[in-house]
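# Report on the structure
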Amino acid sequence: MRFVFLGPPGVGKGTYASRVAPILGIAHISTGDIFREEIKKETELGKKVKSYLESGQLVPDEIVIEVLKQRIEEDDCKKGFILDGFPRTIKQAEELDKITKIDAVINIVLDEDLLVKKISARRICRNCGKIYNIADIRKGEIHLPPIAPKKEGICDDCGGELYQRDDDKEEVVRERLNVYYEQTAPLIDYYKNKGLIREITVTGGPDKMVPVILKIMKEYE
Ligand SMILES: [Zn+2]
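Okay, so let's go over this structure. Here the structure is a predicted model, which is why all the values come from computation and not from measurement.

## Digging into the coordination of the zinc ion
Octahedral metal centres with six donors ideally show angles of 90 or 180 degrees, and tetrahedral centres with four donors ideally show 109.5 degrees. At 2.2 to 2.4 Å from the zinc ion lie its protein donor atoms, namely Cys-125 (SG), Cys-128 (SG), Cys-155 (SG) and Cys-158 (SG). Going along the chain, you hit the donors of the zinc ion in the pattern C-x2-C-x26-C-x2-C. By relative accessible area, Cys-125 is classed as buried at 2%. Judged by relative accessible area, Cys-128 falls into the partly exposed class, the value being 42%.

Set out below in structure tokens:
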């Protein structure tokens, strides 16, 4: 069971991946998380990645692919894996095809206006990084319930102050989404041509969506 999760920033693909992976007994692989971990541990790879990021560059594809190649050979990937955050371009998808065979690409979509509302309602704890969402979003059959703190503006876990990242402000969100759609539209076509795309439209919170996603993924068990 080898999956790629695609979806715009803020759609919740990381949340869904982290919820379904343990149920299916497969690994949730986020290249961003791997790099953050390597940087923290100050490994050779971490130092290299850090220098790219500090100079404002993307980590080169060869490095990402090499890291993935090693990662998917680990024990927890025996039954399969979910790639979250990679590939983002056709070139990366082609490189990925050289090291493994993907069974399906789960493309998670959400109405753009709702997505903007959802992202701009995101609040993060300054202290521990926990993410909340203060909006109760409804449109037709769609209902995205809030993930609100018990006390307004205060983190449930650590009492830290909640804030809105500049990146999550509406104007910035629209721009980030435009970049995403421009970049990934060709990637979606690439996987469509291979017959691998499975589209999932978000109509509710994780409790509603996780079973829907699981049902599709289990077809590949
Ligand atoms: Zn906190």
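What follows picks up the thread again.
## Some points on the side chain of Lys-13
The residue Lys-13 is located in helix H1 (residues 13-24) in this model. Buried Lys-13, no salt bridge; nearest opposite-charge side chain is Asp-84, N-O distance 4.5 Å. For Lys-13, the residues in contact, after removing those within four places along its chain, are Phe-5, Leu-6, Gly-7, Pro-8, Asp-84, Gly-85 and Ile-108.

## Observations regarding the sheet that holds strand E6 (residues 131-133)
The pairing of strands in a sheet comes from backbone hydrogen bonds and takes either a parallel or an antiparallel form. The three strands lie next to each other as E6-E5-E9, forming an open sheet whose pairing is antiparallel. Each edge of the open sheet carries a strand with a single partner, namely E6 and strand E9 (162-163). Pairing of strand E5 (residues 122-125) with E6 involves three bridges; the strand directions are antiparallel. Looking at E6, one finds that Arg-123 is bridged to Tyr-132.

## A closer look at the sheet that holds strand E4 (residues 104-109)
Strand order across the open sheet formed by five strands is E2-E3-E1-E4-E10, with parallel pairing between neighbours. In the strand order of this sheet, the two ends are held by strand E2 (27-30) and strand E10 (197-201), each with one partner. Mean inter-strand twist for the sheet, computed between neighbouring axes without regard to direction, equals 25°. Both strand E1 (residues 2-6) and strand E3 (residues 81-84) contribute to a ladder of four bridges, which runs parallel. Following the sheet pairing, Arg-2 is matched in E3 by Phe-81.

## As for the packing of H1 against helix H8 (residues 206-218)
Packed helix pairs are characterised by how far apart their axes lie and by the angle those axes make with each other. Between H1 and H8, the shortest axis-to-axis distance is 10 Å and the interhelical angle comes to 55°. On the basis of their axis angle, the class for H1 and H8 is oblique. Every pair of crossing elements has a handedness; the one defined by H1 and H8 is right-handed. Contacts between H1 and H8 involve Thr-15, Tyr-16, Arg-19, Val-20, Ile-23 and Leu-24 on the former and, on the latter, Pro-206, Asp-207, Met-209, Val-210, Ile-213, Leu-214, Met-217 and Lys-218. Its residues assigned to classes, the contact of H1 with H8 comprises 10 nonpolar, one polar and three charged.

## Here we look at the packing of helix H4 (residues 61-71) against helix H5 (residues 90-99)
Two numbers describe how H4 lies on H5: the axes approach to 10 Å, and their chain directions differ by 35°. Viewed along their axes, H4 and H5 form a crossing whose handedness is right-handed. The residues of H5 that touch H4, namely those facing Asp-61, Ile-65, Leu-68 and Lys-69, are Lys-91, Gln-92, Glu-95, Leu-96 and Ile-99.

## Details of the layout of surface pockets
Roughly 260 Å³ of internal volume is contained in the second largest pocket. What lines the second largest pocket is simply Ile-34, Glu-37, Glu-38, Lys-41, Leu-45, Lys-48, Ile-63, Glu-66, Val-67, Gln-70, Arg-71 and Glu-74. Residues belonging to the lining of the second largest pocket are distributed by class as follows: four nonpolar, one polar and seven charged.

## Some remarks on the environment of Gly-153
With respect to the helices and strands, the residue Gly-153 is situated in the loop between strand E8 (142-144) and E9. For Gly-153 and Tyr-132, which are 21 residues apart along the polypeptide, the C-alpha to C-alpha distance reads 9.8 Å. With residues near it in sequence (within four places) discarded, Gly-153 still touches Gly-160, Glu-161 and Leu-162.

## Some points on unusual backbone geometry
Here the bond from Phe-86 into Pro-87 is cis, since omega is -5°, no more than 30 degrees from zero. Checked against the element boundaries, Pro-87 lands in the loop between E3 and H5. Even without being glycine, Glu-42 reaches a positive phi, approximately 55°. Considering the arrangement of structural elements, one finds Glu-42 in the loop between helix H2 (31-40) and helix H3 (44-54).

Conventions and cut-offs
- Residue numbering note: each chain is counted from 1, following its sequence as written.
- Two thresholds apply to this predicted model, a pLDDT of at least 70 for residue-level local features and 80 or more for giving and counting side-chain atom pairs, whereas whole-chain, interface and lining totals are computed over all residues.
- Calculation of side-chain values draws on the structure's entire complement of heavy atoms; hydrogens and water are dropped beforehand.
- With water omitted from the atoms examined, metal sites may look incomplete; donors here are N, O and S atoms no farther than 2.8 Å from the metal, or 3.2 Å in the case of Na, K and Ca.
- The cut-offs for exposure are 20% and 50% of the maximum accessible area for each residue type, with area from a 1.4 Å probe on protein chains only; residues under the lower value are buried, those over the upper are exposed, and the others partly exposed.
- The way it works is that DSSP assigns letters per residue, a run of H or I at least four long becomes a helix, a run of E at least two long becomes a strand, and they are numbered from the N terminus.
- The convention is simple: Lys and Arg are positive, Asp and Glu are negative, and His and the chain ends are not counted.
- Only one rule defines a salt bridge in this text: a Lys or Arg side-chain nitrogen within 4 Å of an Asp or Glu carboxyl oxygen.
- What makes two residues a contact is simply this: any of their non-hydrogen atoms within 4.5 Å.
- Whether two strands pair depends on DSSP finding at least two bridges between them.
- Interaxial angle, 0 to 180 degrees, is taken between N-to-C directions of lines fitted to C-alpha atoms, where a helix line uses only the stretch in contact.
- Every angle not falling under 35 degrees, over 145, or within 65 to 115 is termed oblique; those three ranges are roughly parallel, roughly antiparallel and roughly perpendicular.
- Less than a right angle of anticlockwise turn of the near helix away from the far helix marks a crossing as left-handed, whereas a clockwise turn marks it as right-handed.
- Three classes are used: nonpolar for Ala, Val, Leu, Ile, Met, Phe, Trp, Tyr, Cys and Pro, charged for Asp, Glu, Lys and Arg, and polar for all others, with Gly counted as polar.
- Detection works on a 1 Å grid of protein atoms alone, calling trapped sets that fit a 1.4 Å probe cavities and calling open sets with protein on both sides within 12 Å along at least five of seven lines pockets, with lining residues defined by an atom within 4 Å of a point.
- Grid points are joined across faces, edges and corners, and a volume is the space filled by probe spheres set on the points.

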